[in-house]
Amino acid sequence: TCGTGGMLLECALFVQRNGGDPQKLILHGQEKNPDVWAMCKMNMLLHGLHHARIELGDTIREPKLVEDGRLITYDLVIANPPFSLKEWGYDFAVRDPFRRFCYGIPPKSFGDFAFIQHMIAILKPTGKMAVVTPHGVLFRSNSEAQIRKGIVDDDLLEAVIGLPDKLFYNTGIPAAILVINKAKPEERKRKVLFIDASKGYEERRNQNVLREEDISRVVEAFRTFRDQAGYSRVVSIEEIMRNGYNLNISRYVLPSTEEEDSDLREVWDELKAIDRERANLIAHLERVMKILLEREGG
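These remarks concern the structure in this document. Because the structure is a prediction, the values reported are computed rather than measured. (Residues numbered from 1 in each chain as written. Predicted model: local features only at pLDDT ≥ 70, side-chain atom pairs only at ≥ 80, totals over all residues. Heavy atoms only, no water.)

1. A short note on the packing of aromatic side chains
Note the following rule: Within 6.5 Å between ring centres, the rings of Phe, Tyr and Trp (the latter by its six-membered ring) count as paired, and their orientation is classed by plane angle as stacked under 30 degrees, edge-to-face over 60, tilted in between. Here, a charge over a ring means that NZ of Lys or CZ of Arg falls within 6 Å of the ring centre while also lying within 35 degrees of the ring normal.
Taken as a whole and judged by the stated rule, the model has four aromatic pairs. Taken together, the ring pairs in this structure connect W88, Y90 and F101 into an aromatic cluster. Above the face of the F110 ring, R140 is positioned so that its terminal group lies 3.8 Å from the ring centre. In this arrangement the basic side chain of R217 is found over the ring face of Y231, its NZ or CZ atom lying 3.6 Å from the centre.

Encoded structure:
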């Protein structure tokens, strides 16, 4: 990774395959936080990636990975940008010299789609990317809805993956991963895979953790690209359009019958326990009232 834990802010890794030789991978990144940037540089050295280019600077206001006045483009882009950043650079974006925000300018108070559009802009025509986002990105209205519409209509979105809450140090809210592919295979065109991976994790006191089997299940679901009751569903772009380009996972992946039955049994058991407790309290109050009345009568 390009940083550690909750200190990861704007870190992004950009990869060029360079002929398919793993020894010749071109690895670039940019990070705004100087401490994280320094740790990332050290990380690269420790892993023998001496030629990795990791720049220090604001990705929106000052993209550093530029050659001949143009943004460098990549085969793969992976990032965990800051969630719903307020001072993300709105004033700069409206006059962006690199024209990254072709789907619309995000609102001043939510910078998520600024980073997402930057990532799309630096993808090669056959490039793929994965970005971690808050769930608000999936359904917020106004300019963000228009940006979602443009991305979906251009058939760039390949998958939406819902994650458990408390996975990250800097926030306890659940997150999602958007997978964008500029060159979807024919069988995936005009379709989006929704995966609800929010229930598969190991609960720990301060932070939840994805286990190996949880990660493997997500990867397998993405590779097979098929429906699994209560877990994943392939959805047509037409259905997303009918839902007003709302990408909320719960609209498309419903709990399985077993989960629903289990939830209903739990609720029923709780109600019966409450009824028993209520009956016991009423019986106790009746005994107390009887004793009090007998004392007053005596």
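2. A short note on the nonpolar core
As a rule of thumb, soluble globular proteins bury nonpolar side chains together. Definition in use: What we call a nonpolar core is a set of buried Ala, Val, Leu, Ile, Met, Phe, Trp, Tyr and Cys residues that are connected through their side-chain atoms within 4.5 Å. A 1.4 Å probe rolled over the protein chains alone gives each residue an accessible area, and that area as a share of the maximum for its type sets the label: buried under 20%, exposed over 50%, partly exposed in between. A run of DSSP states H or I qualifies as a helix once it reaches four residues; a run of E qualifies as a strand once it reaches two. Both are numbered from the N-terminal end. Two residues qualify as a contact provided that any one of their heavy atoms is within 4.5 Å of a heavy atom in the partner residue.
Ranked by internal contacts, the top residues of the largest apolar core, which has 36 residues, are I116, M129, I151, L157, I180, F194 and I240. Of the residues forming this core, the biggest block, four residues, is contributed by helix α3 (residues 112–121). Setting aside chain neighbours within four positions, we find F194 in contact with V160, Y231, S232, R233, V235, I240, L247, I249, Y252 and V253.

3. Brief notes about the pairing of strand β2 (residues 26–31)
Formally: Two strands are said to pair when DSSP picks up at least two bridges between them. Seen with its strands pointing away from the viewer, a crossover is right-handed when the path leading from the first strand over the helix to the second is clockwise.
Burial analysis of β2 places five of its six residues in the buried class, which makes it a mostly covered element. As paired strands, β2 and strand β3 (residues 53–56) are joined by four bridges and run parallel to one another. Considered in β3, the bridge of Q30 is made with E55. Taken together, β2, helix α1 (residues 34–46) and β3 form a β-α-β motif whose crossover is right-handed.

4. Some points on the pattern of salt bridges
Just so we agree on the cut-off: For this document, the term salt bridge refers to a Lys or Arg side-chain nitrogen within 4 Å of an Asp or Glu carboxyl oxygen.
This structure, assessed with the given rule, holds 17 salt bridges. Residue E186 is joined to K189 by a salt bridge in which the shortest nitrogen-to-oxygen separation is 3.3 Å. Classification of E186 by relative accessible area gives exposed; the value is 60%. Residues R190 and E238 are paired through a salt bridge, measuring 2.8 Å at the closest nitrogen-oxygen approach. Here E238 lies in helix α7 (residues 237–242) and R190 lies in the loop between β9 (175–181) and β10 (191–196), a separation of 48 residues in the sequence. Taken together, the shared-partner salt bridges in this structure form one network comprising K32, D58 and R61.

Functional significance is not addressed by these values, which are geometric in nature.
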